[in-house]
Amino acid sequence: LSYTCWTLSHLCDGPSSHISAVVTTRDPKGIRGGLVPRLVDLLTHASWRVTKPALRTIGNIVCAECSDDNNTTNVGGPLSGGPGGSSSGTISTGGGASSASSSSTDYTEIILDCEAVPRLKQLITHSNREIQKEACWTLSNIAAGTVDQIQAVIDSGAIPPLVKLVSDTHTDQEVRSEACWVVLNATSCGSDPQIEVLVDEGCVSVLGVLLGEASMVMMALEGLERVLQVEEARESAKRSPEDDDEDINTCIVIGGDSSSSSSQHTPSLVSASLIEKALEKHSSSSAVTKRANRIWKQHFVSCALCKQSFSKHRTADATFCDECKCYVCSKCDCRIYHLSYQEELWAEDEDQVEKKQKSKKSKKQKKKAKQKEKKKEQQLAAEKAAAKAEAAAAAAKQQQQQQQQKRAQDKHNGESSSSSTSSSVQSKKKQQQQQQQ
(Lines give C-alpha, C1' and ligand atoms only; values in the text may rest on other atoms or scores of the structure.)
Protein backbone atom coordinates (compact mmCIF):
# COMPACT_ATOMS: atom_id res chain seq x y z
CA LEU A 1 0.00 0.00 0.00
CA SER A 2 2.87 2.33 0.81
CA TYR A 3 4.60 1.67 -2.53
CA THR A 4 1.32 2.14 -4.37
CA CYS A 5 0.89 5.54 -2.78
CA TRP A 6 4.47 6.48 -3.65
CA THR A 7 3.76 5.50 -7.25
CA LEU A 8 0.74 7.81 -7.29
CA SER A 9 2.78 10.61 -5.75
CA HIS A 10 5.35 10.36 -8.57
CA LEU A 11 2.58 10.28 -11.16
CA CYS A 12 1.11 13.45 -9.68
CA ASP A 13 4.55 15.04 -9.84
CA GLY A 14 4.36 14.77 -13.61
CA PRO A 15 2.26 16.29 -16.40
CA SER A 16 -1.30 17.41 -15.87
CA SER A 17 -2.58 14.40 -17.84
CA HIS A 18 -1.08 12.08 -15.22
CA ILE A 19 -2.79 14.01 -12.43
CA SER A 20 -6.03 13.97 -14.35
CA ALA A 21 -5.82 10.20 -14.55
CA VAL A 22 -5.49 9.98 -10.75
CA VAL A 23 -8.30 12.43 -9.87
CA THR A 24 -10.80 11.57 -12.62
CA THR A 25 -13.46 8.91 -12.21
CA ARG A 26 -13.95 7.01 -15.46
CA ASP A 27 -17.15 5.37 -14.34
CA PRO A 28 -20.02 7.93 -14.47
CA LYS A 29 -21.65 6.12 -11.56
CA GLY A 30 -18.47 6.02 -9.52
CA ILE A 31 -17.38 8.26 -6.67
CA ARG A 32 -16.24 11.69 -7.87
CA GLY A 33 -12.55 12.42 -7.46
CA GLY A 34 -11.00 9.21 -8.72
CA LEU A 35 -8.49 7.94 -6.18
CA VAL A 36 -8.57 11.13 -4.07
CA PRO A 37 -11.26 9.95 -1.57
CA ARG A 38 -9.20 6.83 -0.85
CA LEU A 39 -6.03 8.89 -0.48
CA VAL A 40 -7.84 11.17 1.99
CA ASP A 41 -8.86 8.13 4.03
CA LEU A 42 -5.26 6.94 4.08
CA LEU A 43 -4.15 10.20 5.69
CA THR A 44 -5.28 8.77 9.01
CA HIS A 45 -3.76 5.32 8.42
CA ALA A 46 -2.14 3.72 11.46
CA SER A 47 1.26 3.48 9.72
CA TRP A 48 3.15 6.65 8.88
CA ARG A 49 4.71 4.75 5.98
CA VAL A 50 1.29 4.85 4.28
CA THR A 51 0.27 8.27 5.53
CA LYS A 52 3.35 9.99 4.18
CA PRO A 53 3.07 8.97 0.47
CA ALA A 54 -0.71 9.51 0.54
CA LEU A 55 -0.08 12.98 1.92
CA ARG A 56 2.65 13.61 -0.69
CA THR A 57 0.24 12.61 -3.48
CA ILE A 58 -2.40 15.05 -2.26
CA GLY A 59 0.23 17.75 -1.89
CA ASN A 60 1.42 17.25 -5.46
CA ILE A 61 -2.16 17.35 -6.74
CA VAL A 62 -2.78 20.69 -4.97
CA CYS A 63 0.49 22.15 -6.19
CA ALA A 64 0.06 20.85 -9.75
CA GLU A 65 -2.67 23.28 -10.72
CA CYS A 66 0.12 25.80 -11.33
CA SER A 67 1.12 23.70 -14.33
CA ASP A 68 -0.49 23.18 -17.68
CA ASP A 69 -0.18 20.18 -19.91
CA ASN A 70 3.13 21.40 -21.37
CA ASN A 71 4.94 21.26 -18.00
CA THR A 72 6.62 18.11 -16.82
CA THR A 73 7.04 19.00 -13.13
CA ASN A 74 5.00 20.96 -10.69
CA VAL A 75 6.11 24.27 -9.22
CA GLY A 76 6.68 23.10 -5.69
CA GLY A 77 8.31 19.79 -6.46
CA PRO A 78 8.49 16.95 -3.99
CA LEU A 79 9.77 17.50 -0.51
CA SER A 80 11.65 14.22 -0.55
CA GLY A 81 11.84 11.41 -3.01
CA GLY A 82 10.30 7.99 -2.72
CA PRO A 83 10.15 5.66 0.25
CA GLY A 84 13.84 6.05 0.88
CA GLY A 85 13.47 9.71 1.75
CA SER A 86 16.29 11.02 -0.44
CA SER A 87 16.01 14.62 -1.52
CA SER A 88 14.89 15.20 -5.09
CA GLY A 89 13.24 18.61 -5.23
CA THR A 90 12.56 21.98 -3.63
CA ILE A 91 10.01 23.13 -1.11
CA SER A 92 7.05 25.00 -2.52
CA THR A 93 6.82 28.58 -1.43
CA GLY A 94 3.10 28.63 -1.82
CA GLY A 95 1.39 31.01 -4.19
CA GLY A 96 1.00 28.33 -6.86
CA ALA A 97 -2.77 28.17 -6.72
CA SER A 98 -3.27 31.77 -7.70
CA SER A 99 -1.21 31.49 -10.86
CA ALA A 100 -2.91 28.53 -12.49
CA SER A 101 -2.96 28.36 -16.24
CA SER A 102 -6.26 28.94 -17.94
CA SER A 103 -5.96 25.47 -19.54
CA SER A 104 -5.30 23.66 -16.26
CA THR A 105 -7.93 22.13 -14.03
CA ASP A 106 -8.42 23.42 -10.49
CA TYR A 107 -7.47 20.17 -8.81
CA THR A 108 -7.54 21.83 -5.39
CA GLU A 109 -11.32 21.97 -5.59
CA ILE A 110 -11.38 18.18 -5.95
CA ILE A 111 -9.20 17.86 -2.85
CA LEU A 112 -11.52 20.20 -0.94
CA ASP A 113 -14.64 18.37 -2.12
CA CYS A 114 -13.19 15.17 -0.70
CA GLU A 115 -12.84 16.91 2.69
CA ALA A 116 -9.07 16.59 2.85
CA VAL A 117 -8.48 19.86 4.73
CA PRO A 118 -9.83 18.64 8.12
CA ARG A 119 -7.57 15.58 7.81
CA LEU A 120 -4.61 17.81 6.97
CA LYS A 121 -5.39 19.88 10.06
CA GLN A 122 -5.10 16.71 12.18
CA LEU A 123 -1.70 15.93 10.67
CA ILE A 124 -0.31 19.34 11.76
CA THR A 125 0.25 17.88 15.23
CA HIS A 126 1.40 14.43 14.03
CA SER A 127 4.29 12.86 15.91
CA ASN A 128 6.30 12.42 12.68
CA ARG A 129 8.03 15.66 11.69
CA GLU A 130 8.07 14.72 7.97
CA ILE A 131 4.30 14.32 8.01
CA GLN A 132 3.94 17.59 9.93
CA LYS A 133 6.07 19.37 7.35
CA GLU A 134 4.22 17.97 4.32
CA ALA A 135 0.81 18.70 5.88
CA CYS A 136 1.83 22.32 6.37
CA TRP A 137 3.28 22.43 2.85
CA THR A 138 0.00 21.17 1.37
CA LEU A 139 -2.04 23.66 3.43
CA SER A 140 0.26 26.49 2.32
CA ASN A 141 -0.55 25.74 -1.33
CA ILE A 142 -4.27 25.60 -0.58
CA ALA A 143 -3.96 28.92 1.31
CA ALA A 144 -2.38 30.42 -1.81
CA GLY A 145 -5.55 29.74 -3.79
CA THR A 146 -8.94 31.37 -4.06
CA VAL A 147 -10.87 33.05 -1.25
CA ASP A 148 -13.09 29.98 -0.91
CA GLN A 149 -10.05 27.74 -0.60
CA ILE A 150 -8.55 29.98 2.07
CA GLN A 151 -11.89 29.91 3.87
CA ALA A 152 -11.77 26.11 3.88
CA VAL A 153 -8.41 26.27 5.69
CA ILE A 154 -9.81 28.77 8.20
CA ASP A 155 -13.00 26.77 8.77
CA SER A 156 -11.01 23.61 9.44
CA GLY A 157 -9.49 25.27 12.52
CA ALA A 158 -5.95 24.79 11.23
CA ILE A 159 -4.73 28.34 11.95
CA PRO A 160 -4.49 28.16 15.80
CA PRO A 161 -2.33 24.99 15.83
CA LEU A 162 -0.17 26.48 13.07
CA VAL A 163 0.35 29.62 15.16
CA LYS A 164 1.19 27.41 18.13
CA LEU A 165 3.76 25.52 16.04
CA VAL A 166 5.47 28.74 15.01
CA SER A 167 5.47 30.12 18.55
CA ASP A 168 6.92 26.93 20.06
CA THR A 169 10.70 27.17 20.22
CA HIS A 170 10.97 23.35 20.17
CA THR A 171 9.30 23.05 16.75
CA ASP A 172 11.49 21.69 13.98
CA GLN A 173 12.80 24.53 11.81
CA GLU A 174 11.54 23.06 8.53
CA VAL A 175 8.07 22.39 10.00
CA ARG A 176 8.02 25.91 11.39
CA SER A 177 8.97 27.38 8.03
CA GLU A 178 6.13 25.56 6.23
CA ALA A 179 3.66 26.61 8.93
CA CYS A 180 4.74 30.20 8.39
CA TRP A 181 4.03 29.89 4.69
CA VAL A 182 0.42 28.95 5.40
CA VAL A 183 -0.02 32.21 7.33
CA LEU A 184 1.89 34.26 4.74
CA ASN A 185 -0.16 32.93 1.84
CA ALA A 186 -3.46 33.34 3.67
CA THR A 187 -2.74 36.96 4.64
CA SER A 188 -1.48 37.80 1.14
CA CYS A 189 -4.41 36.25 -0.76
CA GLY A 190 -7.28 36.39 1.74
CA SER A 191 -10.22 38.78 1.74
CA ASP A 192 -10.62 41.56 4.29
CA PRO A 193 -12.97 39.59 6.59
CA GLN A 194 -10.65 36.56 6.38
CA ILE A 195 -7.64 38.65 7.35
CA GLU A 196 -9.51 39.99 10.38
CA VAL A 197 -10.21 36.39 11.42
CA LEU A 198 -6.55 35.49 10.85
CA VAL A 199 -5.49 38.42 13.03
CA ASP A 200 -7.86 37.34 15.78
CA GLU A 201 -6.31 33.88 15.68
CA GLY A 202 -2.79 35.26 16.22
CA CYS A 203 -1.31 35.44 12.73
CA VAL A 204 0.23 38.86 13.34
CA SER A 205 2.51 37.29 15.95
CA VAL A 206 3.68 34.82 13.29
CA LEU A 207 4.47 37.67 10.90
CA GLY A 208 6.29 39.40 13.73
CA VAL A 209 8.47 36.33 14.27
CA LEU A 210 9.28 36.20 10.55
CA LEU A 211 10.50 39.80 10.64
CA GLY A 212 13.58 38.55 12.43
CA GLU A 213 14.53 36.18 9.61
CA ALA A 214 16.41 37.67 6.68
CA SER A 215 14.96 35.19 4.19
CA MET A 216 11.35 35.82 5.21
CA VAL A 217 11.28 39.49 6.20
CA MET A 218 10.06 40.80 2.83
CA MET A 219 7.15 38.35 2.75
CA ALA A 220 6.34 39.18 6.36
CA LEU A 221 6.27 42.88 5.51
CA GLU A 222 3.95 42.12 2.61
CA GLY A 223 1.60 40.27 4.95
CA LEU A 224 1.69 43.06 7.54
CA GLU A 225 0.99 45.65 4.85
CA ARG A 226 -2.04 43.67 3.75
CA VAL A 227 -3.29 43.57 7.35
CA LEU A 228 -2.75 47.33 7.67
CA GLN A 229 -4.69 47.92 4.45
CA VAL A 230 -7.58 45.95 5.93
CA GLU A 231 -7.41 48.05 9.09
CA GLU A 232 -7.40 51.24 7.03
CA ALA A 233 -10.49 50.13 5.11
CA ARG A 234 -12.22 49.14 8.34
CA GLU A 235 -11.52 52.46 10.05
CA SER A 236 -12.56 54.43 6.95
CA ALA A 237 -15.86 52.55 6.84
CA LYS A 238 -16.51 53.34 10.49
CA ARG A 239 -16.02 57.07 10.10
CA SER A 240 -18.81 59.17 8.59
CA PRO A 241 -18.08 62.38 6.59
CA GLU A 242 -19.15 64.45 9.59
CA ASP A 243 -16.67 62.59 11.76
CA ASP A 244 -13.93 63.25 9.21
CA ASP A 245 -14.67 67.00 9.24
CA GLU A 246 -14.66 67.00 13.01
CA ASP A 247 -11.36 65.11 13.13
CA ILE A 248 -9.76 67.59 10.72
CA ASN A 249 -10.89 70.71 12.54
CA THR A 250 -10.32 69.53 16.07
CA CYS A 251 -7.56 67.94 18.01
CA ILE A 252 -7.96 65.37 20.74
CA VAL A 253 -7.36 66.77 24.23
CA ILE A 254 -6.36 64.63 27.15
CA GLY A 255 -8.86 64.21 29.96
CA GLY A 256 -12.61 64.07 29.87
CA ASP A 257 -13.98 60.99 28.15
CA SER A 258 -10.91 60.11 26.10
CA SER A 259 -10.57 56.75 27.79
CA SER A 260 -14.20 55.85 27.19
CA SER A 261 -13.98 56.86 23.53
CA SER A 262 -10.91 54.70 23.09
CA SER A 263 -12.67 51.74 24.66
CA GLN A 264 -15.38 51.94 21.99
CA HIS A 265 -12.83 51.26 19.23
CA THR A 266 -11.36 47.88 18.41
CA PRO A 267 -7.64 47.52 19.10
CA SER A 268 -5.10 48.18 16.38
CA LEU A 269 -4.31 45.11 14.25
CA VAL A 270 -0.60 45.82 13.78
CA SER A 271 1.66 47.72 16.14
CA ALA A 272 4.15 50.24 14.77
CA SER A 273 6.83 48.49 16.82
CA LEU A 274 6.75 45.54 14.40
CA ILE A 275 7.69 47.74 11.44
CA GLU A 276 10.28 49.56 13.56
CA LYS A 277 11.67 46.15 14.54
CA ALA A 278 12.24 45.30 10.87
CA LEU A 279 13.92 48.67 10.28
CA GLU A 280 16.22 48.16 13.24
CA LYS A 281 17.13 44.53 12.60
CA HIS A 282 17.63 44.80 8.83
CA SER A 283 19.05 48.31 8.56
CA SER A 284 21.81 47.01 6.29
CA SER A 285 19.29 45.84 3.66
CA SER A 286 18.20 48.69 1.43
CA ALA A 287 15.22 46.73 0.06
CA VAL A 288 13.86 45.95 3.53
CA THR A 289 14.50 49.48 4.76
CA LYS A 290 12.76 50.99 1.75
CA ARG A 291 9.73 48.71 2.07
CA ALA A 292 9.44 49.15 5.84
CA ASN A 293 9.78 52.94 5.59
CA ARG A 294 7.07 53.08 2.94
CA ILE A 295 4.71 50.99 5.09
CA TRP A 296 5.43 53.12 8.15
CA LYS A 297 4.79 56.40 6.33
CA GLN A 298 1.54 55.11 4.82
CA HIS A 299 0.06 53.67 8.00
CA PHE A 300 1.71 55.24 11.04
CA VAL A 301 2.44 58.65 12.54
CA SER A 302 4.58 59.86 15.39
CA CYS A 303 3.13 62.07 18.11
CA ALA A 304 4.89 65.44 18.05
CA LEU A 305 4.89 65.60 21.86
CA CYS A 306 5.56 62.13 23.28
CA LYS A 307 7.31 60.82 20.11
CA GLN A 308 5.42 57.52 20.26
CA SER A 309 4.05 55.88 17.10
CA PHE A 310 0.35 55.39 16.39
CA SER A 311 -1.89 54.25 13.56
CA LYS A 312 -2.58 57.04 11.09
CA HIS A 313 -6.06 55.69 10.35
CA ARG A 314 -7.33 55.46 13.93
CA THR A 315 -8.55 58.83 15.14
CA ALA A 316 -9.00 57.32 18.60
CA ASP A 317 -5.20 57.05 18.81
CA ALA A 318 -3.98 60.23 17.09
CA THR A 319 -5.28 63.12 15.01
CA PHE A 320 -3.78 65.84 12.85
CA CYS A 321 -3.93 69.30 14.44
CA ASP A 322 -4.38 72.05 11.85
CA GLU A 323 -3.00 74.72 14.15
CA CYS A 324 0.11 72.79 15.17
CA LYS A 325 0.47 71.21 11.70
CA CYS A 326 1.41 67.87 13.23
CA TYR A 327 -0.06 64.65 14.61
CA VAL A 328 -0.83 64.46 18.31
CA CYS A 329 -1.91 61.34 20.21
CA SER A 330 -4.95 61.15 22.46
CA LYS A 331 -2.75 61.08 25.57
CA CYS A 332 -1.11 64.43 24.82
CA ASP A 333 -2.62 67.93 24.82
CA CYS A 334 -1.23 70.24 22.13
CA ARG A 335 -3.71 73.02 22.93
CA ILE A 336 -1.20 74.50 25.32
CA TYR A 337 0.89 75.44 22.28
CA HIS A 338 -1.98 77.06 20.37
CA LEU A 339 -1.99 80.87 20.03
CA SER A 340 -5.65 80.97 20.97
CA TYR A 341 -4.89 79.03 24.11
CA GLN A 342 -1.98 81.33 24.95
CA GLU A 343 -4.24 84.33 24.43
CA GLU A 344 -6.73 82.77 26.81
CA LEU A 345 -3.94 82.28 29.31
CA TRP A 346 -2.83 85.87 28.88
CA ALA A 347 -6.40 87.08 29.38
CA GLU A 348 -6.68 84.89 32.45
CA ASP A 349 -3.37 86.24 33.72
CA GLU A 350 -4.53 89.80 33.19
CA ASP A 351 -7.78 89.04 34.98
CA GLN A 352 -5.88 87.44 37.81
CA VAL A 353 -3.52 90.44 38.04
CA GLU A 354 -6.47 92.81 38.04
CA LYS A 355 -8.22 90.72 40.68
CA LYS A 356 -5.06 90.67 42.76
CA GLN A 357 -4.71 94.43 42.49
CA LYS A 358 -8.34 94.92 43.43
CA SER A 359 -7.97 92.47 46.26
CA LYS A 360 -4.81 94.23 47.44
CA LYS A 361 -6.49 97.61 47.25
CA SER A 362 -9.52 96.30 49.09
CA LYS A 363 -7.27 94.84 51.76
CA LYS A 364 -5.49 98.16 52.16
CA GLN A 365 -8.79 99.98 52.43
CA LYS A 366 -10.05 97.49 54.98
CA LYS A 367 -6.78 97.77 56.86
CA LYS A 368 -7.01 101.58 56.90
CA ALA A 369 -10.63 101.40 58.01
CA LYS A 370 -9.66 99.02 60.79
CA GLN A 371 -6.75 101.23 61.83
CA LYS A 372 -9.03 104.29 61.78
CA GLU A 373 -11.65 102.50 63.79
CA LYS A 374 -9.02 101.24 66.21
CA LYS A 375 -7.61 104.73 66.55
CA LYS A 376 -11.10 106.07 67.17
CA GLU A 377 -11.70 103.41 69.77
CA GLN A 378 -8.38 104.27 71.43
CA GLN A 379 -9.30 107.94 71.40
CA LEU A 380 -12.70 107.21 72.92
CA ALA A 381 -11.04 105.03 75.54
CA ALA A 382 -8.56 107.80 76.31
CA GLU A 383 -11.36 110.32 76.58
CA LYS A 384 -13.27 107.98 78.85
CA ALA A 385 -10.17 107.45 80.96
CA ALA A 386 -9.52 111.20 81.09
CA ALA A 387 -13.14 111.88 82.07
CA LYS A 388 -12.94 109.17 84.68
CA ALA A 389 -9.70 110.60 86.03
CA GLU A 390 -11.17 114.08 86.00
CA ALA A 391 -14.25 112.85 87.84
CA ALA A 392 -12.03 111.05 90.30
CA ALA A 393 -9.96 114.25 90.82
CA ALA A 394 -13.09 116.32 91.25
CA ALA A 395 -14.42 113.83 93.75
CA ALA A 396 -11.12 113.85 95.62
CA LYS A 397 -11.04 117.65 95.59
CA GLN A 398 -14.61 117.79 96.81
CA GLN A 399 -13.81 115.32 99.54
CA GLN A 400 -10.79 117.38 100.50
CA GLN A 401 -12.89 120.53 100.64
CA GLN A 402 -15.43 118.77 102.78
CA GLN A 403 -12.70 117.63 105.12
CA GLN A 404 -11.32 121.16 105.31
CA GLN A 405 -14.75 122.55 105.97
CA LYS A 406 -15.29 119.96 108.65
CA ARG A 407 -11.98 120.77 110.24
CA ALA A 408 -12.77 124.48 110.10
CA GLN A 409 -16.15 123.88 111.62
CA ASP A 410 -14.66 121.71 114.27
CA LYS A 411 -12.11 124.36 114.99
CA HIS A 412 -14.75 126.99 115.16
CA ASN A 413 -16.86 124.86 117.38
CA GLY A 414 -13.87 124.29 119.60
CA GLU A 415 -13.09 127.99 119.90
CA SER A 416 -16.68 128.89 120.71
CA SER A 417 -16.85 126.22 123.38
CA SER A 418 -13.58 127.37 124.90
CA SER A 419 -14.75 130.99 124.92
CA SER A 420 -18.01 130.06 126.57
CA THR A 421 -16.16 128.04 129.14
CA SER A 422 -13.80 130.92 129.91
CA SER A 423 -16.69 133.36 130.17
CA SER A 424 -18.52 131.07 132.53
CA VAL A 425 -15.39 130.78 134.67
CA GLN A 426 -14.99 134.49 134.71
CA SER A 427 -18.61 134.90 135.62
CA LYS A 428 -18.21 132.47 138.46
CA LYS A 429 -15.13 134.21 139.63
CA LYS A 430 -16.93 137.46 139.45
CA GLN A 431 -19.82 136.03 141.38
CA GLN A 432 -17.49 134.76 144.01
CA GLN A 433 -15.79 138.06 144.26
CA GLN A 434 -19.10 139.69 144.59
CA GLN A 435 -20.12 137.30 147.25
CA GLN A 436 -16.89 137.86 149.06
CA GLN A 437 -17.35 141.44 148.89
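Just above, that's the structure.
Residues numbered from 1 in each chain as written. Predicted model: local features only at pLDDT ≥ 70, side-chain atom pairs only at ≥ 80, totals over all residues. Heavy atoms only, no water.

> Describe a nonpolar patch on the surface, naming the residues involved and giving the relevant values.
A cluster of nonpolar side chains, contributed by L305, I336 and Y337, occupies part of the molecular surface with about 280 Å² of accessible area. By the element assignment, I336 lies in the loop between β4 (326–329) and α18 (339–436). Under the relative-accessibility criterion, I336 is labelled partly exposed at 34%. (Patch = residues over 30% accessible without salt bridge, like charges linked within 9 Å, V, L, I, M, F, W, Y side chains within 5 Å. Areas by Shrake-Rupley, 256 points an atom, 1.4 Å probe, with all protein chains shown as cover. Salt bridge = Lys/Arg side-chain N within 4 Å of Asp/Glu carboxyl O. Helix = DSSP H or I, 4+ residues; strand = E, 2+ residues; numbered from the N terminus. Buried < 20%, exposed > 50% of the residue type's maximum accessible area, 1.4 Å probe, protein only.)

> So, the packing of aromatic side chains: which residues are in play, and what are the values?
Taken as a whole and assessed by the stated rule, the structure comprises two aromatic pairs. For the ring pair W296 and F300, a centre distance of 6.4 Å and an interplane angle of 35° mean the geometry is tilted. Measuring from ring centre to ring centre gives 5.2 Å for F320 and Y327, while their planes differ by 70°; the resulting arrangement is edge-to-face. (Phe/Tyr/Trp six-rings, centres within 6.5 Å; stacked < 30°, edge-to-face > 60°.)

> A description of the side chain of T51 should follow, citing residues and the corresponding values.
Locating T51 in the fold gives a position in helix α4 (residues 48–63). For T51, a relative accessible area of 0% translates into the label buried. Looking at T51, its side chain comes within polar contact range of the main-chain oxygen of H45, at 3.3 Å. If we skip the residues at most four places from it in the chain, T51 touches L42, L43, H45, L123 and I131. (Polar contact = N/O pair within 3.5 Å; in protein donor to acceptor, adjacent residues only side chain to side chain. Contact = heavy atoms within 4.5 Å.)

> Can you break down the environment of V227 residue by residue, with the values?
Relative to the helices and strands, V227 resides in helix α13 (residues 217–238). Given a relative accessible area of 1%, V227 falls into the buried group. Put simply, V227 and G190 are 37 residues apart on the chain and 9.9 Å apart in space, counted from C-alpha to C-alpha.

> Any chance you could break down the pairing of β4 for me, citing the residues and the numbers?
Taken residue by residue, a regular strand's side chains alternate between the two faces of the sheet. Note that strand β3 (residues 318–321) and β4 share four bridges and pair antiparallel. In the strand pairing of β4, A318 is matched with C329. Taking the residues that link successive antiparallel strands as the turn, the β3-β4 hairpin has four residues, and the phi of K325 there is positive, at about 60°. (Pairing = 2+ DSSP bridges.)

> Give a detailed account of the nonpolar core, specifying residues and quantitative values.
With 78 residues, the main nonpolar core has I61 and L221 as its most contacted residues. Element by element, the count of residues in this core is highest for helix α10 (residues 173–189), at eight residues. Not counting residues up to four positions away in its chain, the partners in contact with L221 are L211, I275, A278, V288, R291, A292 and I295. Within the second largest apolar cluster, ten residues are counted, among which are V301, A318, C329 and C332. (Core = buried A, V, L, I, M, F, W, Y, C linked by side-chain atoms within 4.5 Å.)

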